[in-house]
Amino acid sequence: MKPFVKWAGGKRQILDKINEFIEDSIDKDSSFTYIEPFLGGGAVFFNRMPSKAIINDLNVDLINAYEVIKSDKYLELIDALDRHANAYNHDPDDYYYEIRSWDREEGWPDNHSAVERAARMIFLNRTCYNGLYRVNSKGQFNTPIGRYRNPTICDRENITEIHNYLSSKDNQIEIMKDSYEFAINKAGDGDVIYIDPPYDYEDDDGFTKYQMKGFTFDDFTKLKQTCDEAINRGAFVIVSNNATTKVINLFEQDPHYKIFYDINQISTLRSINCNGGKRKSGKEVIFWGMPNSIPFPQANDMDKIIKLVMSDESVLTDKQRACEVIGVNTSRQVAYYLSALLYLKYLTHDKKFTDRANAIRTNEVALKKDIYNQLKENDMFLEPYNTYKVNGKINIENIKKKIANANPKMAESTVNRRSSTIRAWVEWMYLIDKENIL
Ligand SMILES: C[S@@+](CC[C@H](N)C(=O)[O-])C[C@H]1O[C@@H](n2cnc3c(N)ncnc32)[C@H](O)[C@@H]1O
């Protein structure tokens with residue numbers, strides 16, 4: 001399914017890459033909400049068509065169009081677009097500027113219905129210069145007319161398809177028109193957030209005025225904090241932007257090291273829309289955030305943990321190598337194992353081995369002994385371990401209760417995953433006892 005508007009920053013070129021990160025973040029066994037707080041034309045959203053989603057943009061004109069398409073009024077919208085197309089074909093210039101001037105009228109926007117406003121928005125988007133949504137300091141749309149020979153103003157089929165998807169009873173698509181943080185703050189454990197904020201530009205003269213007030217570097221700093229918080233609640237976050245030094249530093253050099261961000265730079269051909277205009281090559285960056293301290297991460301295999309700790313330090317920052325070393329396929333799994341290292345106090349928040357790890361990591365027996373002792377000192381493991389020793393069984397329900405009591409807001413599926421790690425680590429302790437190697 002494709003967007004119904006052309007939008008600056010549309011993500012077609014790096015769609016596959018973004019999709020890879022989204023796929024990596026999804027837990028196939030549990031349901032999750034897909035959240036896109038800077039929706040724009042929604043290239044990624046429409047490409048994925050998630051069944052549970054929260055979509056948001058601060059642009060009220062744009063979001064009104066989404067709401068109308070979702071509602072029963074979408075047929076009226078199609079009729080209104082047909083009328084615009086006819087009138088435009090008759091006299092493009094006059095008609096374009098007449099419709100553009102609606103937001104200069106007394107009483108705007110309430111003097112036009114939601115359907116009329118949505119039709120105007122789509123019509124202007126289809127016929128204006130490069131599909132550029134630009135407003136002046138009074139919030140009035142001021143992009144000049146574009147020079148298209150035969151613009152598609154009413155794509156009946158696409159709008160109908162989008163309506164069917166957004167309004168289907170099988171789907172839950174919540175549409176919001178707030179600032180991004182309201183949407184991100186709704187994310188919880190296991191949810192996946194794709195974040196495509198207005199571009200940062202190295203020289204500050206680029207195009208960032210989607211809204212009257214551009215997106216400033218301060219906004220980026222706040223956005224980063226909001227992402228950190230969501231990740232700490234267990235959500236997975238993918239952020240894409242221009243690869244400017246400022247933005248990369250912001251994500252790379254976090255003084256608090258609350259979150260690990262994987263930084264991936266990608267070369268692209270860039271223009272302000274997908275339709276041409278000025279194109280130049282550039283670099284985009286995708287940040288993929290992972291929590292640094294999931295309590296009892298899903299990292300069941302103690303051998304993988306041992307392999308990671310015994311590898312050279314570069315493995316901690318090279319996702320590809322980490323996948324090879326521990327034999328997993330996805331960054332998500334690497335993230336879980338890195339979390340386990342943090343939990344066991346072998347990793348610092350800036351992704352280096354701790355002194356504790358360095359003192360023992362060339363000696364497998366010493367390493368196993370340290371892990372074993374750490375688990376024994378931890379009641380979450382000690383209690384199931386003692387029962388296991390007595391009757392050869394682990395009471396998994398007890399473990400789940402313990403985790404749920406300690407984390408009342410945790411989703412049941414997460415509790416189950418965490419409990420399976422505890423079980424696996426307790427079984428590993430028992431194996432160590434049997435091998436008698438310590
Ligand atoms: C780079 S565009 C997103 C493009 C989108 N990925 C696409 O496929 O078309 C950024 C969007 O962020 C919106 N925006 C700007 N400031 C915002 C804010 N504070 N909260 C939410 N949305 C905002 C703009 O209206 C614009 O649509």
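Structure first, text after, so check above.
Residues numbered from 1 in each chain as written. Predicted model: local features only at pLDDT ≥ 70, side-chain atom pairs only at ≥ 80, totals over all residues. Heavy atoms only, no water.

Student: Even after reading the chapter, I still don't get the overall build of the protein, so can you show me in this structure?
Tutor: Tallying secondary structure elements over the protein gives 18 helices and 7 strands in all. Relative to its 438 residues, the protein shows a buried fraction of 53%. Counting contacts in the protein only where the partners sit at least 6 residues apart, residues at least 24 apart contribute 71% of the total. Total accessible area computed for the protein in this model is approximately 20500 Å², and 46% of it derives from carbon and sulfur atoms. (Helix = DSSP H or I, 4+ residues; strand = E, 2+ residues; numbered from the N terminus. Buried < 20%, exposed > 50% of the residue type's maximum accessible area, 1.4 Å probe, protein only. Contact = heavy atoms within 4.5 Å. Areas by Shrake-Rupley, 256 points an atom, 1.4 Å probe, with all protein chains shown as cover.)

Student: Looking at this model, I keep getting lost on the packing of aromatic side chains. Mind explaining?
Tutor: For any pair of aromatic rings, the description consists of the separation of the ring centres together with the inter-plane angle of the planes. Per the stated rule, a full pass over the model turns up 24 aromatic pairs. Geometrically, the ring pair formed by Phe 38 and Phe 215 is edge-to-face, given 5.6 Å between the ring centres and 90 degrees between the ring planes. With Phe 38 in the loop between β1 (34-36) and α2 (43-48) and Phe 215 in the loop between β4 (192-195) and α9 (217-232), the pair connects residues that are 177 residues apart, well separated along the chain. In this structure, Phe 38 and Phe 215 share a single accessibility class: buried. When the ring of Tyr 372 is compared with that of Tyr 385, the centres are 6.4 Å apart and the planes differ by 85 degrees; the resulting orientation is edge-to-face. Placement of the pair is Tyr 372 in helix α15 (residues 364-376) and Tyr 385 in helix α16 (residues 379-391), with a sequence separation of 13 residues. Per residue, the accessibility class of Tyr 372 equals that of Tyr 385, and both read buried. Through successive ring pairs, a cluster of aromatic residues spans Phe 4, Tyr 34, Phe 45, Phe 46, Tyr 66 and Tyr 165. (Phe/Tyr/Trp six-rings, centres within 6.5 Å; stacked < 30°, edge-to-face > 60°.)

Student: Explain the side chain of Thr 143 to me, please; I cannot follow it from the model alone.
Tutor: With respect to the element layout, Thr 143 can be found in the loop between α6 (114-127) and α7 (156-167). Within polar-contact distance, the side chain of Thr 143 engages the backbone nitrogen of Arg 134 at 3.4 Å. (Polar contact = N/O pair within 3.5 Å; in protein donor to acceptor, adjacent residues only side chain to side chain.)

Student: Looking at this model, I keep getting lost on the site of the ligand. Mind explaining?
Tutor: Inspection of the region around the ligand gives 25 residues, with Trp 7, Gly 41, Asp 57, Tyr 180 and Asp 196 positioned closest. Trp 7 has a polar side-chain atom sitting 2.8 Å from an oxygen atom of the ligand. Between a nitrogen atom of the ligand and a main-chain N or O atom of Leu 58, the distance comes to 3.3 Å. (Near = heavy atom within 4 Å.)

Student: Can you walk me through the packing of helix α3 (residues 60-70) against α7 in this structure?
Tutor: The description of two packed helices rests on the angle between their axes and on the distance between the axes. Closest axis-to-axis distance for the α3/α7 pair is 8 Å, and the angle between their directions is 80 degrees. When the axis of α3 is compared with that of α7, the two are roughly perpendicular. Contacts between α3 and α7 involve Tyr 66, Ile 69 and Lys 70 on the former and, on the latter, Ile 159, Ile 162, His 163, Leu 166 and Ser 167. Residue classes in the contact of α3 with α7 are distributed as 5 nonpolar, 2 polar and 1 charged. (Axes fitted to C-alpha atoms, helices over the stretch in contact; angles between N-to-C directions. Parallel < 35°, antiparallel > 145°, perpendicular 65-115°, else oblique. Nonpolar A, V, L, I, M, F, W, Y, C, P; charged D, E, K, R; others polar.)

Student: Explain helix α10 (residues 245-252) here, please?
Tutor: Each α-helix turn comprises 3.6 residues. Residues three or four places apart therefore point the same way. Residues of α10 that are buried: Val 247, Ile 248, Leu 250 and Phe 251. The arc enclosing the buried residues of α10, seen along the axis, measures out at 155 degrees, which places them on a common side. (Arc of directions from axis to C-beta.)

Student: Sorry if this is basic, but what is going on with helix α17 (residues 396-406) here?
Tutor: Those residues of α17 lying buried are Ile 396, Ile 399 and Ile 403. Down the axis of α17, the buried set is contained in an arc of 60 degrees. They therefore lie on one face. Opposite the buried face of α17, at more than 90 degrees from it, the exposed residues are Lys 401 and Asn 405. The N-terminus of α17 is capped by Asn 395, whose side-chain oxygen sits 3.2 Å from the backbone nitrogen of Glu 397.

Student: Explain the pattern of salt bridges here, please?
Tutor: A side chain of one charge can pair with a side chain of the opposite charge when the charged atoms of the two come close. For the structure shown, the criterion picks out 18 salt bridges. Here the residues in one salt-bridge network are Asp 61, Asp 103, Arg 104 and Arg 120, joined through shared partners. (Salt bridge = Lys/Arg side-chain N within 4 Å of Asp/Glu carboxyl O.)

Student: What should I look at first to understand the packing of helix α12 (residues 319-326) against helix α13 (residues 331-343) in this one?
Tutor: The geometry of α12 relative to α13 is characterised by a closest axis approach of 10 Å and an angle of 80 degrees between their N-to-C directions. In terms of their interaxial angle, α12 and α13 are classed as roughly perpendicular. Across from Lys 319, Ala 322, Cys 323 and Ile 326 in α12, the residues of α13 making contact are Ser 331, Val 334 and Tyr 337. When the residues that make up the contact of α12 with α13 are grouped by side-chain class, the tally is 5 nonpolar, 1 polar and 1 charged.

Student: Please clarify how the environment of Ala 366 should be interpreted in this entry.
Tutor: In this fold, Ala 366 is placed in helix α15. Owing to a relative accessible area of 23%, Ala 366 belongs among the partly exposed residues under this scheme. Each C-alpha atom of the pair Ala 366 and Ile 437 lies 10.0 Å from the other, and the pair is 71 residues apart in sequence.

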